[in-house]
Structures are given as C-alpha cells and as structure tokens.
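Structure assessment
In case you want the letters, here they are:
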Amino acid sequence: MKASVFIVDDHYMVIEGIRSLLQHEKDIDWMGHATNAASCLSFLKQQQPDVLLMDISLPDKSGTDLCREVKQLFPAVFVLGLSTFNQQAVIRNMMDNGASGYLLKNADKAELLEAIQLVLAGKTYFSQEAAASLKDNDQVLPLITRREKEVLLLIAKGLTNAEISEQLFISVPTVNTHRKSLLEKFDAKNTAILISKAIRQGMV
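Remember, predicted model here, so these are calculated numbers, not experimental data. (Residues numbered from 1 in each chain as written. Predicted model: local features only at pLDDT ≥ 70, side-chain atom pairs only at ≥ 80, totals over all residues. Heavy atoms only, no water.)

1. Some details on helix α2 (residues 37-44)
Among all positions of α2, only Ala 37, Cys 40, Leu 41, Phe 43 and Leu 44 are buried. Taken down its axis, α2 places every buried residue within 160 degrees of arc, on the same side. Taken together, the buried residues of α2 touch β1 (3-8), β2 (28-34), β3 (51-55) and α3 (63-73). Of the residues flanking the start of α2, the one acting as N-cap is Asn 36, its side-chain oxygen 3.3 Å from the backbone nitrogen of Ala 38. (Buried < 20%, exposed > 50% of the residue type's maximum accessible area, 1.4 Å probe, protein only. Helix = DSSP H or I, 4+ residues; strand = E, 2+ residues; numbered from the N terminus. Arc of directions from axis to C-beta. Contact = heavy atoms within 4.5 Å. Polar contact = N/O pair within 3.5 Å; in protein donor to acceptor, adjacent residues only side chain to side chain.)

2. So, unusual backbone geometry
The residue Phe 169 is not glycine, and still its phi comes out positive at about 60 degrees. For Phe 169, the position within the fold is in the loop between α8 (161-168) and α9 (172-185). Residue Phe 169 is classed as exposed on the basis of its relative accessible area, which comes to 76%. The phi dihedral of Asp 187 falls on the positive side, at around 50 degrees, and the residue is not glycine. Turning to its location among the elements, Asp 187 is positioned in the loop between α9 and α10 (191-200).

3. Description of the packing of α8 against α9
The contact between α8 and α9 brings their axes to 8 Å, and the two run at 110 degrees. Relative to α9, the element α8 lies roughly perpendicular. Where α8 abuts α9, its residues Asn 161, Ala 162, Ile 164 and Ser 165 lie against Val 172, Val 175, Asn 176 and Arg 179. For the contact of α8 with α9, the per-class residue count stands at 4 nonpolar, 3 polar and 1 charged. (Axes fitted to C-alpha atoms, helices over the stretch in contact; angles between N-to-C directions. Parallel < 35°, antiparallel > 145°, perpendicular 65-115°, else oblique. Nonpolar A, V, L, I, M, F, W, Y, C, P; charged D, E, K, R; others polar.)

4. Brief notes about the sheet that holds strand β6 (residues 125-126)
Pairing within the open sheet is parallel, and its 6 strands lie in the order β2-β1-β3-β4-β5-β6. Edge positions in the sheet fall to β2 and β6, since each has one partner strand and no second. Two strands pair when backbone bridges link them, and β3 and strand β4 (residues 78-83) are joined in this way by 5 bridges, in the parallel orientation. Looking at the pairing, Val 51 lines up with Phe 78 of β4. Seen against the sheet, α3 touches β1, β3 and β4 and runs at an angle of roughly 155 degrees to β3. (Pairing = 2+ DSSP bridges.)

5. Some remarks on the packing of aromatic side chains
Counted under the stated rule, the structure contains 1 aromatic pair. Ring geometry for Phe 6 versus Phe 43: centroids 4.1 Å apart, planes at 10 degrees, classification stacked. Pair noted here: Phe 6 is in strand β1 and Phe 43 is in helix α2, with a separation of 37 residues, a long-range link. Across the pair, Phe 43 and Phe 6 agree in class, each one buried. (Phe/Tyr/Trp six-rings, centres within 6.5 Å; stacked < 30°, edge-to-face > 60°.)

6. Observations concerning the pairing of β3
Judged by how many residues are buried, β3 sits mostly within the fold: 5 of 5 residues are covered. Side chains Val 51, Leu 53 and Asp 55 of β3 all project onto a buried face; the interleaved residues Leu 52 and Met 54 project onto the opposite face, where all are buried too. One crossover worth recording links β3 to the parallel β4 by way of α3, and it is right-handed. (Right-handed = clockwise from strand over helix to strand, strands pointing away.)

7. Focus: the pairing of β4
For β4, the tally of buried residues reaches 5 of 6 residues, placing the bulk of the element in the interior. Note: β4 against strand β5 (residues 101-104), 4 bridges, orientation parallel. Along β5, the bridge assignment pairs Gly 81 with Tyr 102. For the crossover from β4 across helix α4 (residues 88-96) to β5, the handedness is right-handed.

8. Observations concerning the confidence of the model for the chain
Of the residues in the chain, 97% reach a pLDDT of 70 or more, and the chain-wide mean stands at 89. Looking over the chain, one finds the lowest element-wise mean pLDDT in helix α6 (residues 128-134), namely 79, and the highest in α2, namely 97. (pLDDT = per-residue confidence, 0-100.)

9. Remarks on the nonpolar core
If you look at the biggest cluster of nonpolar residues, it comprises 27 residues, and the most contacted ones within it are Leu 52, Met 54, Leu 66 and Val 70. When residues of this core are assigned to their parent elements, the largest contribution, 5 residues, is made by α2. Not counting the four nearest positions on each side in its chain, Val 70 is found in contact with Leu 41, Leu 44, Leu 52, Met 54, Pro 75, Val 77 and Val 79. Judged by nonpolar contacts, the second largest core, of 21 residues, contains Val 51, Ala 107, Ala 115 and Ile 116. (Core = buried A, V, L, I, M, F, W, Y, C linked by side-chain atoms within 4.5 Å.)

Shown next as structure tokens:
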C-alpha cells in the first residue's frame, strides 16, 4: 500500500536520517518536513499526508497537543508518535490524543515501514520498547485511541453503528472497524462483555 509521509521534528539529523531511510522506497511518497507545530499545521492546510511522524518535544507546542489538534482538523491523517521518551505516561498521553502508534527514534527502516503500513491498515503499532513500557504496570488497561474511546462511550450509551456514524461524522464501516478493534483489545466476545469490562476498568 503506497503511503505519503511527512515528519515534524526539530532535529535535522533525525529528519535527514528518516528521509534517507524512506525516500527511495517505492511504496513511500516523501512529502517533506516541518520543524515546529506552526509550520506543520500550515503545511497540512495545503495538503495532507497519509502518515505524519510526530516528535513529542517541539519548540512551540508539545507533540501531544499538536497530535490532538491535527486529529481534530485533519482526522484522516494517521499520526505516529516519534520520540526518545519511553515513559508509559507519555505514550498513553499521545495515544489518548489520537495517535495510531508510537516509535522510538532508534527504529530501523524495517520497523518504520512496518509501522506505517500497519497504521494505514487501521491498526496500532508500538515499538518493542514502548510495548514493554506499557506492560510494566500491573493493572494495564487496554490501550485505545481517542476515536475508539469516543466509539466505546457511545456503545455504552446503547447507540447503534448507524447512530454512532451520524454523531461522529464517520462511515458505518469505520464504526464497525472500531467496534471490532475494541472487542479484540478488551478480549470480549460480544458487546455486553465489552461494556462490562470497560465499566470495571473505569473507562466508561
């Protein structure tokens, strides 16, 4: 699946490193870079990549705040967090604000390509270190995206897929994809079990 990719990071060595890894890949359309949140948003108003690689620490705004703003303004853009930070709270905050995955900056080309393709397919990607960090907590909650959380809350209210689609301005097949993802992440065989587990874990 061909993917257009853009990066926002304030370190040129990181930008050049990732560009050199991806620019000659036949399935990657390299769209360029921004070094701060303002220039990133300015670019996105003109054209949107499929995948946005986003640093967590930017000079004018945190990556988590920028991620939330990007997903609000350009919901079709998939965001992959890209950072040296591996703390559980940072990763969860990024995911809560709409990211589709989280990579560390030591990722190699194979991992970058895998992450890009997985998020394009509507899945979530975590680097091995990020996944391990998330499992450090004895009471790890299912890691869901901001949109999945919105769908979960509406499911808990008893709304149908069609009603959720209308309220969130997304297609019914997209709602169904989110519902299936939630069932899988909560290891629930049906919606009733899903809601029961979500209530017990304080997520609805």
